[in-house]
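Structural characterization, general
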Amino acid sequence: MSVLGQMLEKYDATTVEGRVNGLREVMQEVALAGLYRGGFFDRAAFYGGTCLRIFYGLPRFSEDLDFSLLTSDADFSLEPYFKAIRAEFLSLGLDVEISSKKKTVGTGIESAFLKSDTRLFSLAVHGEKTVKIKFEVDTLPPSGFSTEEKLLLEPFSLYVKCFGLPDLFAGKMHALLFRNWKSRVKGRDWYDFEWYVKKGVPLNLSHFACRAMQSGHQKTVKLSEEEFRELLTQKIGTLDVSLAVNDISRFVQDVKSLKIWSQQYFMQLADRMKIIEA
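Now for a description of the structure that goes with this document. (Residues numbered from 1 in each chain as written. Predicted model: local features only at pLDDT ≥ 70, side-chain atom pairs only at ≥ 80, totals over all residues. Heavy atoms only, no water.)

Another aspect to go through is the pairing of strand 2 (residues 65-69). In terms of burial, strand 2 is a largely internal element, five of the five residues being buried. Here strand 2 shows no split at all, with L65, F67 and L69 on one side and D66 and S68 on the other all buried. Alignment of strand 1 (residues 44-47) against strand 2, held across four bridges, turns out to be antiparallel. In the strand pairing of strand 2, Y47 is matched with D66. As judged from the four bridges shared by strand 2 and strand 5 (residues 130-138), these two strands associate in the parallel manner. Bridging across to strand 5, L65 finds its partner in F135. (Buried < 20%, exposed > 50% of the residue type's maximum accessible area, 1.4 Å probe, protein only. Helix = DSSP H or I, 4+ residues; strand = E, 2+ residues; numbered from the N terminus. Pairing = 2+ DSSP bridges.)

Turning to the pattern of salt bridges, a few remarks are in order. Per the stated rule, a full pass over the model turns up 14 salt bridges. Put simply, E63 and R188 hold a salt bridge, and the shortest N to O gap is 3.2 Å. Taken together, the residues E63 in the loop between helix 3 (49-56) and strand 2 and R188 in helix 6 (residues 187-199) connect sequence positions 125 residues apart. Of the residues examined, E63 reaches a relative accessible area of 22% and is grouped as partly exposed. The class of R188 is buried, set by a relative accessible area of 7%. Two residues, K161 and E149, come together in a salt bridge whose shortest N-O distance is 3.4 Å. Of this pair, K161 sits in strand 7 (residues 158-163) while E149 is found in strand 6 (residues 147-152), placing the two residues 12 residues apart along the sequence. (Salt bridge = Lys/Arg side-chain N within 4 Å of Asp/Glu carboxyl O.)

Time to look at the environment of C210. Mapped onto the secondary structure, C210 falls in helix 7 (residues 205-214). Between the C-alpha atoms of C210 and P141, which are 69 residues apart in sequence, the distance is 9.4 Å. Beyond its immediate sequence surroundings of up to four residues, C210 is in contact with P142, S143 and V221. (Contact = heavy atoms within 4.5 Å.)

Residues F193, F208 and F228 are the most contacted members of the largest nonpolar core, which totals 87 residues. Looking at this core, the element that brings in the most residues is helix 2 (residues 16-37), giving nine residues. Here F228 is in contact with M173, L177, L203, L205, F208, L223, M273 and I275, once residues within four sequence places are set aside. (Core = buried A, V, L, I, M, F, W, Y, C linked by side-chain atoms within 4.5 Å.)

Note that the residue after E154, namely P155, is joined by a cis bond; omega there is 10°. Take P155: it is sitting in the loop between strand 6 and strand 7.

Here is the structure:
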């Protein structure tokens, strides 16, 4: 069996959604391998939901690849790494299109999109959809995070520099508390919050405060545990649980596990949160 076939074999191929989720995750892992060969992780670290899924066992699928430079560089570009990414896919017999996203406003995020017609990957996906992956690199990262090397076994054995779990938790809670989705609710944030608490992962409050100050949600990096918990309590009090469940449902296999979700449930999870105050 080919490396690609072996990578796809572990996913549910009985539904369109299962095939698309599996194909996307394989593409993510191949892209990480290409970035590794290009030397990207000498300058950056992996974070976000896909990092949590691939390296820490989060039981939900994730769509994007999120990275942070280790030190700020407003002039950073992903383009020098495109050749290595393409080469990694070509080594598996796949051709992909990758391009930079043109910025319309000045931000600290450098973006690109990796796209492929799924017919090029495997008959198992039947060419039903084009799978697209968004890359984002935080070129002006907040301070106060640590990294660790995590092992990826496919398409070959390699180490990826990743944020540590307490800092990943801080980034997730920053998104959960301050993400501006207007009337939409990102249930994936609440699913991840639940996962962190159940795993007993502590939140790095110092890194959270650095992120909050950088995004304009805090005036200083001084934030007490009491102040953080008040922010979370207010957020839970405004949560539309049904919208959260609707958002997360397509990314998890066990939808029944969401039945317990309620404001009261999240309040009790919040009470059990562990917080590190540096």
